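# Observations on chain architecture
These are the residues of each chain, in order.
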Amino acid sequence: MHPTRLTATVAALALSASLATALAGTASAVPQAQPVPPGHGKSLALAAADGAAASGLDELRHGADEDLVRTSVTPWANGLYYTSYERTYRGLPVVGGGDAVVVTDSTGRVREVTGAPAPAIRLSTKAKVTADAALATARAQLASVESASAPELTVLLKGGKAVLTWHTLVIGRTAKDAPSSLDTYVDARTGAVARATDKILHADGRGYHNGNVTIDTATSSMTDTSRGGFKCGGQNGSAYTGSSPWGNNGANDLVTACVDIMYAAQKEHSMLKEWFGYNGQNGQGGMVPARAGLNEVNAYYDGTKTTYGRAQTGSNQLTGIDVVAHEYGHEIFDRTPGSAGSSNENGGMNESTGDIFGALTEHYANNPNDTPDYTVGEKVNFFGDGKPIRNMYNPSLVGNDPNCYPQLTSGTEVHAAAGPQNHWFYLLAEGSNPGGGKPSSPICSGGPSSVTGIGIQKAGKVFMGALLMKTSSWNHLAARKATLTSAKNTYGSVECNAVKAAWNAVGVPAQSGETDCGGTTTPDFSLALNPSSGSVQAGASVTSTVNTSTTGGSAQTVQLSASGAPSGVTVSFSPTSVTSGSSSTMTVQVAAGTANGTYPITVTGTGSATHTVTYQLTVGTTTPPTGCSGAENTYQGTLTSGQAQAQPDGSYYYSATAGTHTGCLRGPAGADFDLYLQKWNGSAWADVAVGGTASADENTSYYGTAGYYRYVVHAYSGSGTYTLGLSAP
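As the structure is a computational prediction, the values presented were derived from the model and not from experiment. Counting starts from 1 at the beginning of each chain's written sequence and moves along it residue by residue. Restriction of local features to residues with pLDDT of at least 70 applies here, the model being predicted, together with a cutoff of 80 or more for giving and counting side-chain atom pairs; totals for whole chains, interfaces and linings are based on all residues. Values reported for side chains reflect all heavy atoms of the structure, with hydrogen atoms and water molecules removed beforehand.

## Regarding the packing of helix 7 (residues 419-430) against helix 10 (residues 493-505)
Put simply, the rule is: Helix axes use the C-alpha atoms of the stretch in contact, all axes being lines fitted to C-alpha atoms, and the angles between their N-to-C directions lie in the range 0 to 180 degrees. Numbering of helices and strands runs from the N terminus, with a helix taken as a DSSP run of H or I at least four residues long and a strand as a DSSP run of E at least two residues long. Should an angle lie under 35 degrees it is considered roughly parallel, over 145 roughly antiparallel, and from 65 to 115 roughly perpendicular; all remaining angles are considered oblique. Here a crossing is taken to be left-handed if its near helix is turned anticlockwise relative to the far helix by less than a right angle, and right-handed if that turn runs clockwise. In what follows, a contact means two residues having at least one pair of non-hydrogen atoms within 4.5 Å. Asp, Glu, Lys and Arg are counted as charged, while Ala, Val, Leu, Ile, Met, Phe, Trp, Tyr, Cys and Pro are counted as nonpolar; the rest, among them Gly, fall into the polar class.
Look at helix 7 against helix 10: their axes get within 9 Å of each other, and the N-to-C directions meet at 140°. Classified by the angle their axes make, helix 7 and helix 10 are oblique. Handedness of the crossing formed by helix 7 with helix 10: right-handed. Between helix 7, through Gln 421, Trp 424, Leu 427 and Leu 428, and helix 10, the contact on the second element is made entirely by Ala 498, Val 499, Ala 502, Trp 503 and Ala 505. Residue composition of the contact of helix 7 with helix 10, by class: eight nonpolar, one polar and no charged.

## Topic: helix 8 (residues 456-467)
Threshold: Take the residue count of a helix, subtract one, and multiply by 1.5 Å to get its expected span. The buried label goes to any residue with under 20% of its type's maximum accessible area, the exposed label to any with over 50%, and the partly exposed label to all in between, with areas taken from a 1.4 Å probe on protein chains only.
A rise of 1.5 Å per residue sets the reference length of helix 8, with its 12 residues, at 16 Å; its end C-alpha atoms lie 16 Å apart and thus fit the reference within 8%. Most of helix 8 is tucked away, with 10 of its 12 residues classed as buried. Within the sequence span of helix 8, burial applies to Ile 456, Ala 459, Gly 460, Lys 461, Val 462, Phe 463, Met 464, Gly 465, Ala 466 and Leu 467.

## A word on the packing of aromatic side chains
Operational definition: Centres within 6.5 Å are what make two rings of Phe, Tyr or Trp a pair, Trp counting through its six-membered ring; a difference in plane orientation under 30 degrees is then read as stacked, over 60 as edge-to-face, and the rest as tilted. Charge over a ring is defined by NZ of Lys or CZ of Arg lying within 6 Å of the ring centre and within 35 degrees of the ring normal.
Evaluation of the coordinates by the stated rule reveals 18 aromatic pairs. Residues Phe 425 and Phe 463 carry aromatic rings whose centres are separated by 6.4 Å and whose planes lie at 70° to one another, so their mutual orientation is edge-to-face. On the criterion of sequence distance, the pair formed by Phe 425 in helix 7 and Phe 463 in helix 8 is long-range, its members being 38 residues apart. Cation over ring: Lys 458 sits above Tyr 491, and NZ or CZ is 5.1 Å from the ring centre.

## Focus: the environment of Ser 608
Put simply, the test is: Two N or O atoms count as a polar contact when they lie within 3.5 Å, although within protein this holds only if one can serve as hydrogen donor and the other as acceptor, and sequence-adjacent residues are included solely when both atoms are side-chain atoms.
Along the chain, Ser 608 falls in the loop between strand 27 (597-606) and strand 28 (610-619). A sequence separation of 84 residues divides Ser 608 from Asp 524, and the C-alpha atoms of the two residues are 6.4 Å apart. Residues in contact with Ser 608, not counting those within four places in the same chain, are Pro 523, Asp 524, Phe 525 and Gln 556. A distance of 3.0 Å separates a polar side-chain atom of Ser 608 from the backbone oxygen of Pro 523.

## Some details on the pattern of salt bridges
Here the idea is simple: oppositely charged side chains can pair when their charged atoms come close. Here is the rule: Criterion for a salt bridge: a side-chain nitrogen of Lys or Arg within 4 Å of a carboxyl oxygen of Asp or Glu.
Using the criterion set out here, one finds 18 salt bridges in the structure. Its salt-bridge partner being Lys 438, residue Glu 430 comes within 2.9 Å of it at the nearest N-O pair. A relative accessible area of 12% means that Glu 430 is categorised as buried. Residues participating in the shared-partner salt-bridge network are Glu 146, Arg 291, Asp 302 and Lys 305.

## As for the pairing of strand 8 (residues 161-173)
The condition that has to hold: Note on pairing: DSSP must find at least two bridges between two strands before they are called paired.
The buried count for strand 8 comes to 11 of 13 residues, which makes it a mostly enclosed element. As paired strands, strand 7 (residues 152-158) and strand 8 are joined by seven bridges and run antiparallel to one another. The partner of Leu 157 across the bridge, within strand 8, is Ala 162. In this structure, the hairpin formed by strand 7 and strand 8 is closed by a connection of two residues, where Gly 159 is found at a positive phi of approximately 60°. As paired elements, strand 8 and strand 9 (residues 179-187) share nine bridges and run antiparallel to each other. Across the sheet, the residue bridging to Thr 168 is Thr 184, located in strand 9. Hairpin connection of strand 8 to strand 9: five residues between the antiparallel strands, including Asp 177 at a positive phi of 65°.

## Quick word on the side chain of Asp 302
Assignment of secondary structure puts Asp 302 in the loop between strand 16 (299-301) and strand 17 (306-308). A polar contact is formed between the side chain of Asp 302 and the side chain of Thr 304, at a distance of 2.8 Å. Those residues within four positions of Asp 302 in sequence are excluded, and the remaining contacts are Leu 169, Ile 171, Ser 181, Lys 199 and Ile 200.

## Re the environment of Thr 71
Among the secondary structure elements, Thr 71 is positioned in strand 1 (residues 66-75). For Thr 71, a relative accessible area of 45% gives the class partly exposed. A C-alpha to C-alpha distance of 22 Å links Thr 71 and Thr 184, two positions 113 residues apart in sequence. Within the structure, Thr 71 has its side chain in polar contact with the side chain of Ser 84 (distance 2.8 Å).

## Comments concerning the state of the cysteines
The following threshold applies: By disulfide we mean two sulfur atoms from cysteines, separated by a distance within 2.5 Å.
Under the defined criterion, the tally for this structure stands at three disulfides. The disulfide partner of Cys 404 is Cys 444, and the gap between their sulfur atoms is 1.9 Å. On the sign convention where negative means left-handed, the S-S torsion of about -95° between Cys 404 and Cys 444 marks this disulfide as left-handed. Of this pair, Cys 404 sits in the loop between strand 19 (390-391) and helix 7 while Cys 444 sits in the loop between helix 7 and helix 8, placing them 40 residues apart in sequence.

## Structural notes on the sheet that holds strand 27
Two modes of strand pairing occur in sheets, parallel and antiparallel, and in both the strands are linked by backbone hydrogen bonds. Pairing is mixed in the open sheet, where five strands are placed in the order 21-28-27-23-25. Two strands bound the open sheet, and with one partner strand each, they are strand 21 (533-536) and strand 25 (577-579). The average angle at which neighbouring strand axes cross in this sheet is 30°, direction not considered. With five bridges joining them, strand 23 (residues 557-563) and strand 27 adopt antiparallel strand pairing. In the sheet register, Leu 560 faces strand 27, and the bridge partner there is Gly 605.

## Examining unusual backbone geometry
In this structure, the amide linkage connecting Asn 530 to the following residue, Pro 531, adopts the cis form with an omega of -5°. Not every positive phi belongs to a glycine, and Asp 58 is a case in point at roughly 50°. Here Asp 58 shows up in the loop between helix 2 (40-55) and strand 1. One non-glycine residue, Asn 249, lies in the positive phi region at around 70°. On the secondary structure map, Asn 249 appears in the loop between strand 14 (230-233) and helix 4 (254-276).

This is the structure in structure tokens:
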């Protein structure tokens, strides 16, 4: 038995989708006087998001061999939750499309769904090229290699097709001796490089740029254990050692450079938490380490660290607040859903994200040695001319960078391509004519006569909320839709209209389905299936519940229909239309002689809008494991290795009397599934019985007093469908 194998995946498992009634016929409903476990709003939100993902709602549609795996949950203002999902195909990660974000609220409503387009995936997952050969090919793309990750078999979506590849991140230097962090995908059939994208977009202590400041370090090293072990040191990767006060205010003293780096990075970390409620640059309380002393005119983020060089004249190190916060802004972009894409437009928006977080951090720090502004790198004198490297209020003032979205082309250099979004952010934060000594900002052709700003803190929170809806297909059009949704959900119609005016002012056009900023809420609804898949033999039938909810405006009538059923299969609904917030039973009748196979059936709800979900029907070929006969209630689910699910139905139950709770788990052959019975102790879920042998089948029995209980099924290794039988007093 191995009760400690329950991973953080299970420990973080959401509570129920609704305060469940007791197991059917065996225990009474929860009395009003009983305490409801905390986090109920979060559990409603996550259950709604997971239900939308499992049902393939709208952009979440996926095939029978595909799953949407929840990768992160970020709480937001007004009871909102941003839940991100990555697509897998037969257990392999899918990149280049198919990822998604679902925005839900604490009442269990789906508020928004965004998904990166993905083609249907059909390919063999057997590699002809070995991992070692693929690694050698990936390493050969750089002239020298510092490190390379172990190759991972991955499905790459490229040009509308799926390619089986080996994915590895290679860090080193190019033939031109430039630093590189090369995200490399080697075709697992041919051995050729299918795609290679460089993640580097070049660009209490006594500091040089920031003066004498307070920083958080260990007693004898430049390590910050309160922020995930963040540290700063030289090019060998080790943190500088010594004691406070750190540095000597010298322009090229590298310990002093680390004072400036740690000050800016820690201020950005605090700004994210205090202004936006976001947990650090990586979303998990920390950030990558930093290295000072690069003997180049450069500063960069490579996915594993940030690195800082010197000015062209050698006069000082490139460690001003906005430069450091810019590089860690890349980490924010990289670690939010969708990561960093491969197009120039996406790269430009990544650069702009760094600039925006640089400006935000300067304003939060409000350091008199580096007064807040909307230019980039003005303090560090990159090229010896005393000029900034980018301008946010009028991008054309530096290198004639584009101010307006229509000026972008597929060949626009990524730093120049930061112009339109930088311009948008300034207009949103300050407006076109802010006064008070702040510069005016031009408006592009066809835009409004003027824009009124909402302030940099609000603008930053709107932008951060939009990044949490980012997918791998992120571009300016998607950013417009996401920021409108973020503004309306976080603040209201005034801020939403300001976001719209700012995008109009830089020439990003209105998009179909974008949020209505008006004071009224547009009527809308969502759909979900429970379960979202089923297995049946020819000549029999299977049912699923079609759940609807009102997501905007008043409840409305939703007409239900189905399409895509194969020959011999009929789908009916009882009732055929419902008022949003109600449910209907879908019956799938399979005629004798229907061919075995797996078939996606599209269920459509039509009201003020049209939404779809997908039911995966398997005829004749698979049957979930059995062997739990005699159980009072039976539940089924599917897990991939490392995942966990709560039962019953992602929820918990209340037992009104003392007695014996028995659980019977039957998992897929060859897998190692574990079963945990947990009881609510007033502040947390505690294990009270564990079935943790190294097999797919587990049994538990526990005599307990009245209270809240749930079972957790954990796929320690292996993947597949399980059956869980439960009995309770």
